[in-house]
Amino acid sequence: MSGQGAHEARLLPWATPEGKPCYLDSDGSGYISRVADTVESVQLGLAGDLLDHADDLLAEDEIPTDQLRQMLSQLTEALRNVHRIAQSRGARLPLDPDGYA
């Protein structure tokens, strides 16, 4: 996935049950592309909500260990999703003649 053009296979915002990446080879106008766009939007929204919650939690004087573990787990999942979205979108950026997006 080198970001060569609009018809590059798209990294989807989910993985197989084994954790392997899923790709879609299309022009970006089909049903699965629209589902992927919706999933990305939801994932980005949830990441923002988690950041707000993390800020609130960190403002507390004392935080129970179980709450910290749960927040760390949720933030890790959200970061993984956001990273996959960034990779997917970056790979679909057109390159200029010098090879830069």
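Every chain's residues receive numbers from 1 upward, in the order its sequence appears when written. For a predicted model such as this one, the threshold for reporting local features is a pLDDT of at least 70, and the threshold for listing and counting side-chain atom pairs is 80 or more; totals across whole chains, interfaces and linings nevertheless cover every residue. Each side-chain value is derived from all of the structure's non-hydrogen atoms; neither hydrogens nor water enter the calculation.

### Topic: the nonpolar core
Then comes step 1: We call a set of buried residues a nonpolar core when its members are Ala, Val, Leu, Ile, Met, Phe, Trp, Tyr or Cys and they connect through side-chain atoms within 4.5 Å of each other. Exposed residues in this analysis have more than 50% of their type's maximum accessible area, buried residues have under 20%, and partly exposed residues fall in between, with area computed by a 1.4 Å probe over protein chains only. With six residues, the main nonpolar core is built from A47, L50, A54, L57, M71 and A78.
Then comes step 2: Taken together, the elements giving at least two residues each to this core come down to helix 1 (31–58) and helix 2 (65–91).
Then comes step 3: Residues count as neighbours in contact if any of their non-hydrogen atoms are within 4.5 Å of one another. If we skip the residues at most four places from it in the chain, L57 touches I63, Q67 and M71. The way it works is that DSSP assigns letters per residue, a run of H or I at least four long becomes a helix, a run of E at least two long becomes a strand, and they are numbered from the N terminus.

### Some thoughts on the pairing of strand 2 (residues 21–24)
Then comes step 1: Judged by which residues are buried, strand 2 turns out to be one-sided: C22 and L24 face inward and are buried, whereas P21 and Y23, on the alternate face, are not.
Then comes step 2: Pairing between two strands requires that DSSP report at least two bridges joining them. Where strand 1 (residues 10–15) and strand 2 come together, three bridges link them in antiparallel fashion. From the neighbouring strand, L11 faces strand 2, where its bridge partner is Y23.
Then comes step 3: Where strand 1 folds back onto strand 2 in an antiparallel hairpin, the turn is made up of five residues, including G19, whose phi is positive at roughly 90°.

### Section: the side chain of R84
Then comes step 1: On the secondary structure map, R84 appears in helix 2.
Then comes step 2: Of the side chains with opposite charge, E77 comes closest to the buried, unpaired R84, at an N-O distance of 8.1 Å.
Then comes step 3: Every residue in contact with R84, bar those within four places of it in the chain, is listed here: L11, L12, P13, W14 and A15. A residue counts as positive if it is Lys or Arg and as negative if it is Asp or Glu; His and the chain ends are not included. Salt bridges are defined by distance alone: a side-chain nitrogen of Lys or Arg within 4 Å of a carboxyl oxygen of Asp or Glu.

### So, a negative patch on the surface
Then comes step 1: Within this analysis, patches are made of residues with over 30% relative accessible area and no salt bridge. Like charges are joined at 9 Å or less; nonpolar side chains (Val, Leu, Ile, Met, Phe, Trp, Tyr) at 5 Å or less. For the accessible areas, the method is Shrake-Rupley and the probe is 1.4 Å, while residue cover comes only from the protein chains on display. One atom stands in for each charge, and that atom is NZ of Lys, CZ of Arg, CG of Asp or CD of Glu. Together, D49, D52, D55, D56, E60, D61 and E62 make up a negatively charged patch on the protein surface.
Then comes step 2: Along the chain, D49 turns up in helix 1.
Then comes step 3: Judged by its relative accessible area of 49%, D49 falls in the partly exposed class.

### What to know about the environment of C22
Then comes step 1: Position of C22 relative to the elements: it lies in strand 2.
Then comes step 2: We classify C22 as buried; its relative accessible area is 16%.
Then comes step 3: Placed 11 residues apart in sequence, C22 and L11 show a C-alpha to C-alpha distance of 6.0 Å.
Then comes step 4: The contact partners of C22, leaving out residues within four places of it in the chain, are R10, L11, L12, W14, A15 and T16.

### Considerations on the confidence of the model for the protein chain
Then comes step 1: pLDDT is defined as a per-residue confidence score from the predictor, taking values between 0 and 100. Averaged over all residues, the pLDDT of the protein chain equals 89, while 90% of them reach at least 70.
Then comes step 2: Within the protein chain, helix 1 carries the highest mean pLDDT (96), whereas strand 1 carries the lowest (94).
Then comes step 3: For residues 1–6, every residue scores under 50 in pLDDT, and the model assigns this stretch 16 contacts once sequence neighbours within four places are set aside.

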